[in-house]
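Secondary and tertiary structure notes
Each chain, letter by letter, is given below.
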Amino acid sequence: MTTAEHQRLADSPGQDAPWRRWGPYLSGRQWGTVREDYSADGDAWASFPFDQAHVRAYRWGEDGIAGLTDRYGFLNVALALWNERDDRLKERLFGLANPQGNHGEDVKEYWWHLDATPTHSWAQLLYRYPHGAYPYSHLVEESARRGLGEDELELSDTGLLDGDRFFDVVVTHAKAGPDDILIEITATNHGQEAAPLHLLPQIWFRNTWSWGRDDRIPRLHRVQAPGGRSAIIAEHGYLGRYRIVAEGEPQILFCDNETNDERAFGHGGGSEFPKDAINAAVVEGDSSRLRAAYGTKAAFWWTWEAIEPGAGVTVRLRMTRDADAARADPFADFDAIRQARRAEADAFYAAVLPGDPADEDSFIARRAFAGLLWSKQIYRYDVRQWLEGDPAGPVPPPRRQAPEPLGRNTSWRHLSLADVISMPDEWEYPWFAAWDLAFHCVAMAHIDPDFAKDQLVLMCREWAMHPNGQLPAYEWLFSDVNPPVHPWATWLVYRIDGSRDLTFLTRVFTKLLFSFGWWVNRKDAEGSNLFEGGFLGMDNVGPFDRSGPLPDGSRLEQSDATSWMAFFCLAMLRISWELARQDSAWDEVATKFFEHFLSIAEAMEAFGSENIALWDEDDGFFYDVIVGAGGGTQKVRLRSMVGLLPLIGVTTMPAWTDAALPDFTAHREWLRARRPELLDALIHSGASLPDTLSVLTEDRLVRLLRRLVDEGEFLAPHGIRSLSAAYRDATTLSLDGAELQIRYVPGESDSRLFGGNSNWRGPIWLPVNVLLTDALRTYAEGMGAPLQVEYPAGSGAYRGMLEIAADIDARLVGLFRIGPDSRRPGDPRHVPTGPLWQAHPTFSEYFHGDTGAGLGASHQTGWTALVAHLICLRET
C-alpha cells in the first residue's frame with residue numbers, strides 16, 4: 001500500500017519514531033485510579049475523587065477532553081469550556097465513582113471519536129456541551145437513590161439536552177510534520193436560542209517537580225509571534241522548546257499545575273498560583289492567583305456573548321518546535337494542510353477497508369478504529385516508587401507494604417511502565433488490562449501492525465511480565481488472572497501483517513513459554529491437567545465468586561480455565577510449527593505442546609478417583625466441577641459461556657508439518673501406534689482435509705453447536721449470549737449444602753459482584769463471540785467441513801460452519817447499523833433518536849442479550865473495536 005499515511009507508518013516502526021511523538025495520549029480520567037491512591041485503606045475512588053481533580057496536582061498522569069500530549073506525557077494540550085452557567089470550567093469529563101453509581105462507575109457525558117489515523121496526522125473528536133448548568137449534584141444524589149434493578153440516570157434523562165440545547169464542539173488535529181501540529185476547535189449551536197460560550201484551550205506541563213525526585217521546573221511564557229499574534233513558548237528539559245501560536249487576539253492566562261491546598265484539603269499552604277487559578281479567574285472573576293506572564297499551566301481565552309442558533313465559531317492554534325517557527329504567518333497554509341490530511345486519511349481507509357468507503361459498514365469500521373486510536377494513552381506507573389512513596393510526600397502507611405491481598409501489587413515491584421498503551425476505554429477503564437489489550441491488537445493490526453506487535457511484546461517485557469511468567473492483569477490487582485489470549489492474538493496479528501515477521505513471533509513466543517509454565521505450576525493445583533484460574537475475565541458468570549477460595553479445602557475445576565489452557569496450548573503449537581519451518585530447533589517445542597494438549601484434552605474427559613468428566617453426556621454440555629477435600633465431586637450444572645468455551649480448543653495442522661517437523665511427526669506416529677484411541681479421538685482426519693486437533697469429538701461438537709444456535713438458549717438476534725436464556729425464570733443450584741439461585745439477566749447486573757459494573761449472566765460480549773466464530777471457521781477448514789447443523793435450532797434450515805460463523809458475525813456488525821426505526825440496535829437506551837444522535841454509533845462494553853442495546857462503558861472501542869476486524873475479514 002502506498003498512501004501517504006502508509007508511508008508515514010513505514011517510517012515510524014517504534015514508539016519513539018518522530019511521527020508517533022505526539023498523539024491523543026492524554027487520559028480521559030486520572031482521578032480515582034490506583035496510581036493516584038496513596039491512602040491507608042486502598043480506596044482509590046475516595047483517595048482522589050472528582051471534586052479534587054481541578055484543584056489537586058496528579059502524581060502519575062494527567063487528564064482532559066480531546067487531549068494531545070507527547071509520548072512521555074510531559075506537555076499537554078486539551079479543551080476547556082464554560083457556558084456561563086456551570087459552577088466550574090469544563091476541563092474534564094464527569095462521571096460517578098464506582099460506589100456512587102447504581103451499576104458502578106459511569107461517565108455522564110456525550111462525546112464521539114470521529115476519525116483518526118495511526119500516526120495522528122489527522123484526528124477529530126466531537127464533544128457535546130450543554131447550554132445549561134451541568135447537574136453534578138443531581139446526578140450523584142439521584143444515582144445514589146436508585147437500586148440495581150433501576151436504569152442508570154444519564155445526562156439525557158435530566159432534560160438538559162432537550163430541544164438540542166447544546167454546542168457540538170469538534171476538535172481537529174492535523175500534523176504538518178512530526179513536530180508541527182495544527183489544532184482547530186469549532187463550536188456549533190444546535191439550540192433554538194442564542195447562547196454564550198467561552199473556549200479555553202489549555203496548555204500545561206505534567207507536575208514532575210513536587211515529589212522530591214526532580215526539582216527542575218519547566219516553563220510556559222508569553223511571547224509575541226509574527227503579526228502581533230498571541231503565543232506561548234513551552235520550555236522543557238527533555239522536549240526542548242515549542243511555540244504555540246493562537247489566531248486572533250485571545251487573552252492568555254497563566255498559573256501553575258500545583259495543588260490548591262486550601263480547596264483540596266481545607267488548610268493553608270501549597271501553591272501561590274495553583275492549577276485552579278484559571279477557573280477562578282473565568283468563572284468566579286477572581287484573578288488574584290494568576291501569574292502575570294509565565295507558569296506551568298496556561299490558557300488562551302476566547303469569549304462570545306451570544307452564538308446564534310445554527311451558527312458556529314472557530315479558534316485555531318499551531319504548535320511547532322520553536323526553531324521551526326520562523327514563518328511570517330503560521331495560519332496562511334492552515335486550511336490547505338488540514339484538507340490534505342483529511343484527504344490522506346480518506347485514502348488510507350479506502351486502502352484498508354473492504355468494499356465501498358462510503359458504505360455503512362466502512363463508516364462503522366472507521367469510527368471503531370478512531371475510538372481505538374483515540375484511546376491510546378500514556379501509562380506511567382513505577383510500582384516500587386509508588387509503594388515506597390516520594391521523598392517529598394508522607395511516609396506510606398504500613399498496610400501499603402503488606403503482602404497481597406492486604407497490600408496492593410506488593411509482589412509486582414519490578415513493574416515500571418512509561419509507555420503509550422491501548423486502553424479499554426479512556427474514562428471508565430483508563431488503565432490496561434492484559435486480555436483486553438490482546439483483543440485490541442487484533443483490530444489494531446489492520447491499520448497499524450507495528451503498534452499492535454509492540455503492545456504484545458510490551459506485556460511480555462521484563463518490566464511488565466512477572467519474573468514467574470504471569471502477565472499483569474490490571475492495576476487494581478496485577479496478580480489477578482486474565483484468560484491466556486495473548487498467543488492467539490499474537491498469531492492473528494502475525495497473520496494479518498502478512499505472515500512475515502518471524503522476529504516478532506519469536507520474541508513473544510519465547511516469553512509466553514514462561515507464561516505457560518506459570519499457568520501449569522500455579523493454576524493446576526493437583527497436576528490433573530484441569531485448571532482453576534478464578535474469575536478469568538467473566539466476572540459474575542458463575543453462581544458464586546470463582547476468584548475466592550471454596551470452603552473446607554474444596555477446589556473448583558473450571559471448564560473455561562481448562563478450555564483456555566487447551567486454547568493456549570494449540571496457539572503455542574501453531575506458532576511453534578511456523579517457527580520450526582525456519583529453524584528446526586523449534587521442532588521439539590512443537591512436540592512438547594502437542595503432548596500437553598493431549599494431556600489436557602484427555603483430562604477433560606475424565607479425572608480423579610470418581611472418574612468424573614467436565615462433559616455431561618446427558619446434557620450435552622461442559623460444566624465446572626467442585627472437588628471436595630475427600631475427592632468427592634459435584635458438577636455446577638449451569639449452562640453459560642463457561643461450557644461453550646471448549647469450542648475454541650481447535651486448530652488445523654498444515655500439510656507441510658510432516659516434511660518440516662521430523663521430531664513432531666515421528667512422535668505423533670509413535671503415539672498413533674501405541675495409543676490409537678487417544679489420537680483418533682483428538683486428531684480428526686478426512687479425505688483432502690487438513691487434520692484437526694480439537695478437544696471435541698464430532699458428536700460433542702454437534703451437540704454443543706445445537707445449544708449455541710438455539711434461540712431459546714444462546715443465540716440472540718445480535719450475537720451469542722453469555723448465559724442461557726433458558727434461565728429467564730431463574731434456576732436453583734444445590735451446591736455443597738447451599739441453595740444458590742441464578743437467573744438470566746440480559747441487561748445490567750442485578751448484583752454487586754465484581755463492582756456491579758459488568759454482567760456475564762446474559763449479555764453479549766464481542767471478544768468471546770469473536771473467539772467462537774473464529775473457532776467455527778477453523779472447524780470449517782477441517783473436521784467441520786462436511787457438517788450441516790440446523791440453524792437456528794428448530795428452523796428446519798441447515799447450514800455449514802462457515803455460514804453459521806458468517807451469520808453470527810453479521811448479527812454482531814448489525815448492532816451498529818441503523819435499523820428501520822432510525823436507531824442502531826446497539827445504541828444505549830438513553831441515546832435519543834434524531835439525526836444529531838444517530839450520526840454517531842456508540843461502542844459499548846457489552847450488549848443486552850435480547851435487544852442488543854449497549855451497556856456498561858460507553859466508549860469501549862478497545863475490544864468492541866473488534867467489529868472493525870469482522871468487517872475487514874468479510875472480504876478477505
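Structure shown above.
All residue numbers refer to position in the chain's written sequence, counted from 1. This being a predicted model, a pLDDT of at least 70 is required before a residue's local features are given, and a value of 80 or more before pairs of side-chain atoms are given or counted; all residues contribute to the totals for chains, interfaces and linings. Neither water nor hydrogens contribute to the side-chain values; these are computed over all heavy atoms in the structure.

Quick word on the packing of aromatic side chains
Put simply, the rule is: Under the pairing criterion, centres of Phe, Tyr and Trp rings, with the six-membered ring standing for Trp, must be within 6.5 Å; the plane angle then separates stacked pairs below 30 degrees from edge-to-face pairs above 60, leaving the rest tilted. Strands here are runs of E lasting at least two residues and helices are runs of H or I lasting at least four, both read from the DSSP assignment and numbered beginning at the N terminus. Relative accessibility thresholds used throughout: buried, under 20% of the residue-type maximum; exposed, over 50%; partly exposed, between the two (1.4 Å probe, protein chains only). By definition here, charges over rings are those cases where NZ of Lys or CZ of Arg is within 6 Å of the ring centre and within 35 degrees of the ring normal.
Counted according to the given criterion, the structure contains 56 aromatic pairs. Where Phe94 meets Tyr136, the ring centres are 5.1 Å apart and the plane angle is 85°; that geometry is what we call edge-to-face. Separated by 42 residues along the polypeptide, Phe94 in the loop between strand E4 (81-82) and strand E5 (95-96) and Tyr136 in helix H4 (residues 136-145) bring together distant segments of the chain. Side by side, Phe94 and Tyr136 carry an identical accessibility label, which is buried. Plain terms: the ring middles of Trp412 and Phe478 are 5.7 Å apart, the flat faces sit at 50° to each other, and that makes the pair tilted. Placement of Trp412 in the loop between helix H9 (383-388) and strand E21 (416-422) and of Phe478 in the loop between helix H11 (449-458) and helix H12 (486-496) is noted, with a sequence separation of 66 residues between them. In this pair, the class of Trp412 matches that of Phe478, namely buried. Through successive ring pairs, a cluster of aromatic residues spans Trp435, Phe439, Trp488, Trp564, Phe567, Trp760, Trp765, Tyr846 and Trp863. Between Arg29 and the ring centre of Trp427, over which it is positioned, the NZ or CZ distance is 4.8 Å.

Brief notes about unusual backbone geometry
Residue Glu404 is joined to Pro405 through a cis peptide bond whose omega torsion reads 10°. By secondary structure assignment, the location of Pro405 is in the loop between H9 and E21. Looking along the chain, the bond that leaves Tyr791 and enters Pro792 is cis, with omega of -15°. Non-glycine residue Glu84 carries a positive phi angle of around 70°. Following the sequence through the fold, Glu84 ends up in the loop between E4 and E5. Residue class for Glu84 comes out partly exposed when judged on its relative accessible area of 39%. At Ser499, a residue that is not glycine, the phi angle is positive and equals roughly 55°.

Digging into the environment of Ala438
Quick reminder of the rule: Should any heavy atoms of two residues lie within 4.5 Å, those residues are considered in contact.
Structurally, the position occupied by Ala438 is in helix H10 (residues 434-444). Residue contacts for Ala438: discarding those within four places in its chain leaves Leu456, Val485, His486 and Ala489.

Focus: the pattern of salt bridges
Keep this limit in mind: For salt bridges, the criterion is a side-chain nitrogen of Lys or Arg within 4 Å of an Asp or Glu carboxyl oxygen.
Here the structure, examined in full by the defined rule, presents 66 salt bridges. In this structure, the salt-bridge partner of Glu344 is Arg341, at a minimum N-O distance of 3.1 Å. You can see Glu344 and its partner Arg341 sitting in helix H7 (residues 334-352), three residues apart, about one turn around the helix. Residues Arg500 and Asp497 are paired through a salt bridge, measuring 3.1 Å at the closest nitrogen-oxygen approach. On the basis of relative accessibility, which here comes to 62%, the residue Arg500 falls in the exposed class. Put simply, Asp450, Lys453, Asp497, Arg500 and Asp501 are held in one network by salt bridges that share partners.

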